[in-house]
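# Notes for the structure review
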Amino acid sequence: MLDSVRVLDCGSGIPPAYCTKLLADAGADVVKAEPEAGEQLRRWTASHQDLGDEDGALFRFLHTSKRSVVGLDQRDALLAGADIVVESGDLDVVDVRERFPHLVVVSITPYGRWGPYAQRPATEFTLQAECGSTGARGRPDGPPLHAGGRIGEWVSGTYAAVGAVAALRGARRDGIGEHVDVAMLACMSVTMNTYTTVFAEFLGWPEMRGPARTIEIPSIEPTADGYVGFCTITGQQFRDFLVLIERADLLDDTDFASHLGRTRRMHEALEIIHEWTTKHTTDEIIDLASLMRIPVALIGNGESVTAFDHFVKRGTFVPHPDRDFVQPRVPYKIGGSPSRPFGPSPSLGEHSGAVDWAARDHGSHDGAAPRRLPLDGVRIVDFTAFWAGPAATHMLSALGADIVKIESIQRPDGMRFATTRPPTVDQWWEWGPVFHGANANKRAITLDMNNPEGLDLARRLIAVSDAVIENFTPRVIENFGLTWEAVHAVNPSAVMVRLPGFGLDGPWRDRPGFAQTMEQISGMAWVTGLRDGPPLIPRGACDPLAGMHAVLALLFALEQRERDGEGRLVEVTMVEAALNVAAEQVLEHSAYGVLLGRNGNRGPAAAPQNLYACAGEEEWLALAVATDEHWRSLRSVLSAPTWSRDPALETEAGRRAAHDAIDAELASWCASRPVDDLVDALVAAGVPAARVVNPREIARHPQLRHQRLFESLDHPVVGRHELPSVPFRFASRGDAAWLRRPAPTVGQHNDEVLRELLDLTDDDLERLRANAVIGERPVGL
């Protein structure tokens, strides 16, 4: 689908590699421009294997189907012929764009290319502390805990790919390129922090005391033979869970039914749950919970996940082209457009001098003329709910698409009911922070899909739209009769995106699943938590991750439609997006026989790496020494005490071996010092360091304010409030906002949409309301 697109990858590390892998998987010609010594990722394994002359499995997975050239002269020679250039902060963006105005330049850096933090040292570990992710995770009686697996780097690569493809669409239309400035901190703030700033604002910024961190109850619990994962997003799911564990006597305990109540009664709640789960095997529990439609999951890791029957039957894991390890396949299917077969990863400089890219036409554009958004003129019918699907249509709307969200007064989007107001307040369902965050920019109507007239109106909307997207279990939309065949018959040029948890076939096809479920199955939870404790879910990242993969697949399908006019069925599987992001665990076990696991706040990319308690209450320093230079700078800040001058500590291997002793010394050093003073001193010396922030504090972060991540909107019920928007900036848009209208109230645009698009009259609308086909208030409320 991108077979005419040329991509020059000048970046380093996972974010640019995954960004360009996503483009290569769709057919783009990707050339990796490397320094003479090669990209550092070539020598990387999370288990610190001696690779000899071989490239590491992670590099080979991320660089399948790419080519490699070496040297700045090779890189610069290819700029004129490229369509997209991806870089990590080393390219002179202004100069390149002046010389090659047709180019889409994508920068992926920790904080963005400009702003007060642009030159600040950071790692994914310290960014997790800054974005509020670490501060929200862990038991209140233990330390905060980061999410393992460097999820933030994969998240950033995914958003970068979305920005790249959208910008290229606009560049081809307008005849001029774009700069897409992707900030990892911003990407992590909108995926690894679930709208805590919106919750705080809706609640009036109440005073907080004590730890902000929590665990979900129930989540990953011990069984008679291992672990099992639960997810009870809705009140009904938790009530069903109580019946499952044979504690129906607690159904009327309203305190226990709430997340806050169970957190206060954590020890009691866990004792009750474990009393039942430890008497049953994992398989027994999964069978029982599945019958009750409670989201439930096996706990996957790099060894076990490839053997899960669902993935075996769907062919989810495939051999690497060299056939010496397995890897997850591309997490989407586009009908009529087979995925590009994986090609081998290139050896260093294998294609130097052999890439023959003719120079692209620089195009022409009146610099004074305003540029339209990339998806301006595209209309999408949105049947999604909760977060993964709405995250996708939220991005599509920010990029200019007209999103018509369809709910019903019989069953509104369930996220409306995750609210900050009690049922005694009128329109309490309009105060859901996650709903607001994921649904700004959209128009919303209500249609009773169980009513033939409501279903007919939905079909008529599809007939005048460019795409349809839904994220229910497969049976739901099919029970309405809106199969791909039916959609295609109504509108042959419409793209239909289906975003189920587990795919459109296989043994788990009709199981419900949420982000937490995917984190449990994929292995993300397996590498998160204390070494001697249970796995912990990263919490939430899989929803927007799946959503962004859906956005990409839709953009690819629209690209193909422009060539042949045909609509396509797009299947994006939520769990397979998670498996791609967690791929390193499978690669390490498949290639080297190593099972990666939990290690608290330590990690394979830095030593020392940990959190250290500082002076005051709940003040923690996140510190990551990722290079020998970082170590020398840290030692200088410490005033080079005797213990730090041990020659063995000069190397990463030596520091890793002495991690316990180093931690003890650093803990003592931090204990009496203010955390902000330590961060200032370390950052000034070039050492990645950050304060572990309360999740809701990110709204005040100087760099996020500079990038205008938070935008203000006026809502008819909530009033004026801020929402996080899109974690990248287009240079052509300057300071223009991504968000143009607030999240819709229930049925807010019934009259507007049905008149404008379907020519309904006042009499038609009155009759539909009288028959409860449409409405503006949930039934019974």
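Whatever comes next refers back to the structure up there.
Let me sum up the structure you'll find in this document.

Conventions adopted
Within each chain, residue numbers correspond to sequence positions counted from 1 in written order. Residues qualify for local features only when their pLDDT is at least 70, as the model is predicted, and side-chain atom pairs are given and counted only at 80 or more; totals for whole chains, interfaces and linings, by contrast, use all residues. Processing note: side-chain calculations cover all non-hydrogen atoms of the structure and skip hydrogens and water entirely. By definition, two strands form a pair when at least two bridges between them are found by DSSP. The way it works is that DSSP assigns letters per residue, a run of H or I at least four long becomes a helix, a run of E at least two long becomes a strand, and they are numbered from the N terminus. Inter-axis angles, ranging from 0 to 180 degrees, are taken between N-to-C directions of lines fitted to C-alpha atoms, where helices are fitted over the stretch in contact. Nonpolar core, defined: a set of buried Ala, Val, Leu, Ile, Met, Phe, Trp, Tyr and Cys residues in which side-chain atoms within 4.5 Å join the residues together. Three exposure classes are used, based on accessible area relative to the maximum for each residue type with a 1.4 Å probe and protein chains only: buried under 20%, partly exposed in between, and exposed over 50%. Any two residues whose heavy atoms approach within 4.5 Å are treated as being in contact. Along the arc lie the directions from the helix axis toward the C-beta atoms. What counts as a ring pair is set by centres within 6.5 Å for rings of Phe, Tyr and Trp (its six-membered ring), and what kind of pair is set by the plane angle: stacked under 30 degrees, edge-to-face over 60, tilted for all other angles. Each patch is built from residues lacking any salt bridge and having more than 30% relative accessible area; the joining distance is 9 Å for like charges and 5 Å for nonpolar side chains (Val, Leu, Ile, Met, Phe, Trp, Tyr). For every accessible area listed, the method is Shrake-Rupley and the probe measures 1.4 Å; residues are considered covered only by the protein chains on display. When a carboxyl oxygen of Asp or Glu lies within 4 Å of a side-chain nitrogen of Lys or Arg, that pair is called a salt bridge. Two residue types count as positive, namely Lys and Arg, and two as negative, namely Asp and Glu; His and chain ends fall outside the count. The atom standing in for a charge is NZ when the residue is Lys, CZ when it is Arg, CG when it is Asp and CD when it is Glu. With respect to orientation, any angle under 35 degrees is reported as roughly parallel, any angle over 145 as roughly antiparallel, any angle of 65 to 115 as roughly perpendicular, and every other angle as oblique. Working rule for handedness: look at the near helix, and if it is turned counterclockwise from the far one by less than a right angle, call the crossing left-handed; if clockwise, right-handed. Under the grouping applied here, Gly and all other residues not named as nonpolar or charged are polar, the nonpolar ones being Ala, Val, Leu, Ile, Met, Phe, Trp, Tyr, Cys and Pro and the charged ones Asp, Glu, Lys and Arg.

With that out of the way, let us pick up the sheet that holds strand β2 (residues 29-34). Pairing in this open sheet of 7 strands is mixed, and the strands run β3-β2-β1-β4-β5-β6-β24 from one edge to the other. On the outer flanks of this sheet lie β3 (66-70) and β24 (728-730), each paired with one strand and no other. Each strand axis lies, on average, 20° off the axis of its neighbour in the sheet, ignoring direction.

Quick look at the sheet that holds strand β13 (residues 379-382) now. The 7 strands lie next to each other as β12-β18-β17-β16-β13-β14-β15, forming an open sheet whose pairing is mixed. Edge positions in the sheet fall to β12 (332-334) and β15 (443-446), since each has one partner strand and no second. Taken over all neighbouring pairs, the strand axes of this sheet differ in orientation by 20° on average, direction set aside. As defined by bridge partners, strand β16 (residues 467-470) adjoins strand β17 (residues 495-498) across 4 bridges and the pair is classed as parallel. Across the sheet, residue Val468 finds its bridge partner in β17, namely Met496.

Here the focus is the nonpolar core. Ile84 and Val106 are the most contacted members of the largest nonpolar core, which totals 145 residues. Residues within four places of Val106 in sequence aside, it is in contact with Ile84, Val85, Val86, Glu87, Ala160, Ala164, Val180 and Val182. Membership of the second largest hydrophobic core comes to 27 residues, among which are Leu447, Leu457, Leu461 and Leu765.

Now for helix α28 (residues 750-758). Buried within α28 are the following residues: Asn750, Val753, Leu754, Leu757 and Leu758. All buried residues of α28 fall inside an arc of 90° around its axis, so they share one side. Remark: Asp759 follows α28 within two positions and exhibits a positive phi of approximately 60°.

The next point concerns unusual backbone geometry. Glycine aside, residues mostly have negative phi, and peptide bonds are mostly found in the trans state. Cis peptide bonds are those with omega within 30 degrees of zero, and the linkage from Ile217 to Pro218 qualifies with 0°. On the secondary structure map, Pro218 appears in the loop between α8 (196-202) and β7 (220-223). A cis amide bond, omega 0°, links Ala607 with the succeeding residue Pro608. Within the secondary structure layout, Pro608 lies in the loop between α22 (583-592) and β19 (609-613). Phi is positive for Glu618, which is not a glycine, with a value near 55°. You can see Glu618 is positioned in the loop between β19 and β20 (620-624). Taking relative accessible area as the criterion, Glu618 reaches 30% and is therefore assigned partly exposed.

Right, let's get into helix α26 (residues 675-684). Side chains three or four residues apart in an α-helix point the same way, a direct result of the helix having 3.6 residues per turn. Listing the buried residues of α26 in full gives Val675, Leu678, Val679, Leu682 and Val683. Along α26, the residues classed as buried sweep out an arc of 120° about the axis, all on the same side. Pointing more than 90 degrees away from the buried face of α26 are the exposed residues Asp680 and Ala684. The elements touched by buried residues of α26 are β20, α23 (628-637), α25 (659-671) and β21 (689-691). Gly686 lies just past α26 and shows a positive phi near 90°.

What follows covers the packing of aromatic side chains. Overall, the coordinates contain 20 aromatic pairs when judged by the stated rule. Geometrically, the ring pair formed by Phe238 and Phe256 is tilted, given 5.9 Å between the ring centres and 55° between the ring planes. Placement of Phe238 in helix α9 (residues 235-244) and of Phe256 in the loop between α9 and α10 (259-264) is noted, with a sequence separation of 18 residues between them. For the pair shown, Phe238 and Phe256 are each scored as buried.

On strand β4 (residues 84-87), burial covers both faces: Ile84 and Val86 on one face and Val85 and Glu87 on the other are all buried. Sheet analysis places strand β1 (residues 6-9) next to β4, joined by 3 bridges and oriented parallel. From the neighbouring strand, Asp9 faces β4, where its bridge partner is Val86. Pairing between β4 and strand β5 (residues 104-109): 4 bridges, direction parallel.

Relative to the helices and strands, Gly780 resides in the segment after α29 (762-770). With 370 residues separating them in the primary sequence, Gly780 and Gln410 have C-alpha atoms 8.7 Å apart.

Turning to a negative patch on the surface, a few remarks are in order. A surface patch of like charges, here negative, comprises Asp225, Asp283, Glu284 and Asp287. Assignment of secondary structure puts Glu284 in helix α12 (residues 282-291).

Within the element layout of this structure, Asp543 appears in helix α20 (residues 542-564). Within the buried core, Asp543 has no salt-bridge partner, and the shortest N-O distance to an opposite charge, that of Arg539, equals 11 Å. For Asp543, the contacting residues outside a window of four places in its chain are Trp387, Ala388, Ala515 and Met574.

With 6 bridges connecting them, strand β22 (residues 710-715) and strand β23 (residues 719-724) associate as antiparallel partners. In the sheet register, Leu713 faces β23, and the bridge partner there is His721. Remark: 3 residues form the turn of the hairpin made by β22 and β23, two consecutive strands paired antiparallel.

This brings us to the packing of helix α16 (residues 452-463) against α28. Where α16 contacts α28, the two axes come as close as 10 Å, and the packing angle between them is 60°. On the basis of the axis angle, α16 is oblique to α28. When you trace α16 past α28, the crossing you get is left-handed. On α28, the residues that touch Leu457, Arg460 and Leu461 of α16 are Val753, Leu757 and Leu758. Considered class by class, the residues forming the contact of α16 with α28 number 5 nonpolar, no polar and 1 charged.

Our focus in this paragraph is the packing of helix α19 (residues 515-522) against helix α21 (residues 574-581). Their axes nearest at 9 Å, the elements α19 and α21 cross at an angle of 45°. Here α19 lies oblique to α21, going by the angle between them. For the pair α19 and α21, the sense of crossing is right-handed. Contacts from Ala515, Met518, Ile521 and Ser522 in α19 reach Met574, Val575, Ala578 and Leu579 in α21.

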